[in-house]
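So the chains spell out like this:
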Amino acid sequence: MWFYPKIIAHRGGGTLAPENTLAGMRCGLAHGFHAVEFDVMLSSDGIPVLMHDPEFGRTVRGNGKVSETTARQLAAMDAGSWRDARFAGEPVPTYEEVADFCKSNGIWMNVEIKPAPGFEVETGRVVAEWTRRLFAGEIAACIPGVNDATVPLFSSFSFDALMAAKTAAPEIPRGYLVDVVPPDWREKLRALDAVALHTNHKNLTPGLASTIRQEGFGLFCYTVNTPERAREILAWGVDAFCTDRVDLIGPGFAGN
Ligand code: G3P
Ligand code: MG
């Protein structure tokens with residue numbers, strides 16, 4: 001079932017700090033969060049970096065593609081100003097930098113593998129290989145059902161990326177991420193040997209939530225931003241969710 005934290009800061013610090021940056025990670029931590037979700041994509045030189053959009057324009061100014069930009073170039077870009085002037089110059093961090101930050105601060109990571117179009121298999125493989133290296137000690141010491149949250153959990157909307165991650169590092173757990181739960185969710189979860197289904201809370205029903213959990217899978221929802229809705233889905237049996245409102249829904253939110 002679900003052996004991980006229940007309330008997770010989305011993209012670092014939700015909407016309070018620039019997403020997928022170290023400033024975002026520090027913001028989540030400052031609000032007491034020791035569990036975070038973020039998005040990982042490959043640079044042109046095959047380095048995993050934190051990024052949601054495959055093309056510039058929203059969080060990083062200008063035109064261009066992440067898949068055509070090196071990690072060194074990305075590290076020199078401003079991924080903070082779009083949120084607030086006080087974050088000006090906040091770089092696009094590498095996955096390694098963020099994993100180091102999370103490890104040294106005791107933060108559990110839901111690593112969303114976010115491949116640029118056409119890079120699904122490569123991204124799943126490379127992120128899995130890096131994670132295996134970065135968490136070698138934790139993976140070796142992990143006892144299922146005892147200290148699972150010492151090792152990151154992968155998720156992805158890309159079935160192919162998750163299959164590639166499974167092939168490269170089968171010991172690192174996976175959650176299948178979907179907007180709408182598809183009719184073949186059981187087959188997909190079994191093929192991935194996934195521990196959980198991650199889905200949009202807006203498209204979930206109490207009946208579906210109950211079925212997924214009865215079949216032995218964890219159930220994670222994104223992105224829940226009001227305490228009322230959080231209470232509602234937790235009452236359905238949802239195991240965990242991520243939130244953009246780390247100021248309104250704290251890490252100790254119990255749903256009552
Ligand atoms: O992993 C949950 C959530 O982050 C998925 O959607 O677009 O925010 O990456 P998105
Ligand atoms: Mg995400």
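Structure's up top.
Calculation rules
- Residues numbered from 1 in each chain as written.
- Chains lettered and ligands numbered in written order.
- Predicted model: local features only at pLDDT ≥ 70, side-chain atom pairs only at ≥ 80, totals over all residues.
- Heavy atoms only, no water.
- Helix = DSSP H or I, 4+ residues; strand = E, 2+ residues; numbered from the N terminus.
- Rg over C-alpha atoms; globule rule 2.2 N^0.38 Å.
- Buried < 20%, exposed > 50% of the residue type's maximum accessible area, 1.4 Å probe, protein only.
- Contact = heavy atoms within 4.5 Å.
- Areas by Shrake-Rupley, 256 points an atom, 1.4 Å probe, with all protein chains shown as cover.
- Core = buried A, V, L, I, M, F, W, Y, C linked by side-chain atoms within 4.5 Å.
- Salt bridge = Lys/Arg side-chain N within 4 Å of Asp/Glu carboxyl O.
- Donors = N, O, S within 2.8 Å, 3.2 Å for Na, K, Ca; no water.
- Near = heavy atom within 4 Å.
- Polar contact = N/O pair within 3.5 Å; in protein donor to acceptor, adjacent residues only side chain to side chain.
- Nonpolar A, V, L, I, M, F, W, Y, C, P; charged D, E, K, R; others polar.

1. Some points on the overall build of the protein
Looking only at helices and strands, the protein features 9 helices and 9 strands. Its C-alpha atoms give the protein a radius of gyration of 17 Å, within 12% of the compact-globule value 18 Å for 256 residues. By the burial criterion, 54% of the 256 residues in the protein qualify as buried. Summarising the internal contacts of the protein: among those between residues at least 6 apart in sequence, 57% fall at separations of at least 24. Accessible surface computed for the protein: about 10,500 Å², of which carbon and sulfur atoms make up 52%.

2. Describing the nonpolar core
Core analysis: the biggest nonpolar cluster contains 58 residues, and Phe38, Tyr95, Met109, Phe154 and Phe241 have the highest contact counts within it. Methionine 109 has contacts with Val36, Phe38, Tyr95, Ala99, Cys102, Phe135, Pro152 and Leu153, leaving out every residue within four places of it along the chain. Core analysis: the next-biggest nonpolar cluster, separate from the first, contains 12 residues, Trp2, Ala196, Phe220 and Tyr222 among them.

3. Quick look at the pattern of salt bridges
Under the definition given, this model contains 15 salt bridges. The partner of lysine 114 in a salt bridge is glutamate 112, and the shortest N-O contact between them spans 2.7 Å. Like lysine 114, the residue glutamate 112 is buried in the burial classification. One connected set of salt bridges, linked through shared partners, spans Arg11, Glu19, Asp53 and Arg58.

4. Some points on the coordination of the magnesium ion (ligand 2)
Under perfect tetrahedral coordination by four donors, a metal shows angles of 109.5 degrees; under perfect octahedral coordination by six donors, it shows angles of 90 or 180 degrees. The protein atoms donating to the magnesium ion (ligand 2) are Glu37 (OE), Asp39 (OD) and Glu112 (OE), with metal-donor distances spanning 2.0 to 2.2 Å. In primary sequence terms, the donor set of the magnesium ion (ligand 2) follows E-x1-D-x72-E. Of this pair, aspartate 39 sits in strand β2 (residues 35-42) while glutamate 112 sits in strand β4 (residues 108-113), placing them 73 residues apart in sequence. Glutamate 112 shares its class with aspartate 39; the two are buried.

5. Structural notes on the site of ligand 1
Surveying the vicinity of ligand 1 reveals the residues His10, Arg11, Glu37, Asp39, His52, Glu112, Lys114, Phe157, Leu177 and Tyr222. Between an oxygen atom of ligand 1 and a side-chain N or O atom of aspartate 39, the distance comes to 3.2 Å. Contacts to ligand 1 include lysine 114, whose side-chain N or O atom sits 2.8 Å from an oxygen atom. Taking 290 Å² as the accessible area of ligand 1 by itself, protein coverage stands at 91%. Class assignment for the residues of the shell around ligand 1 results in 3 nonpolar, 2 polar and 5 charged.

6. Points about helix α1 (residues 22-30)
Those residues of α1 not exposed but buried are Leu22, Ala23, Gly24, Met25, Cys27 and Gly28. Against the buried residues of α1 lie β2, β3 (48-50) and α3 (95-104). With a side-chain oxygen positioned 3.4 Å from the backbone nitrogen of alanine 23, the residue opening α1 is threonine 21.

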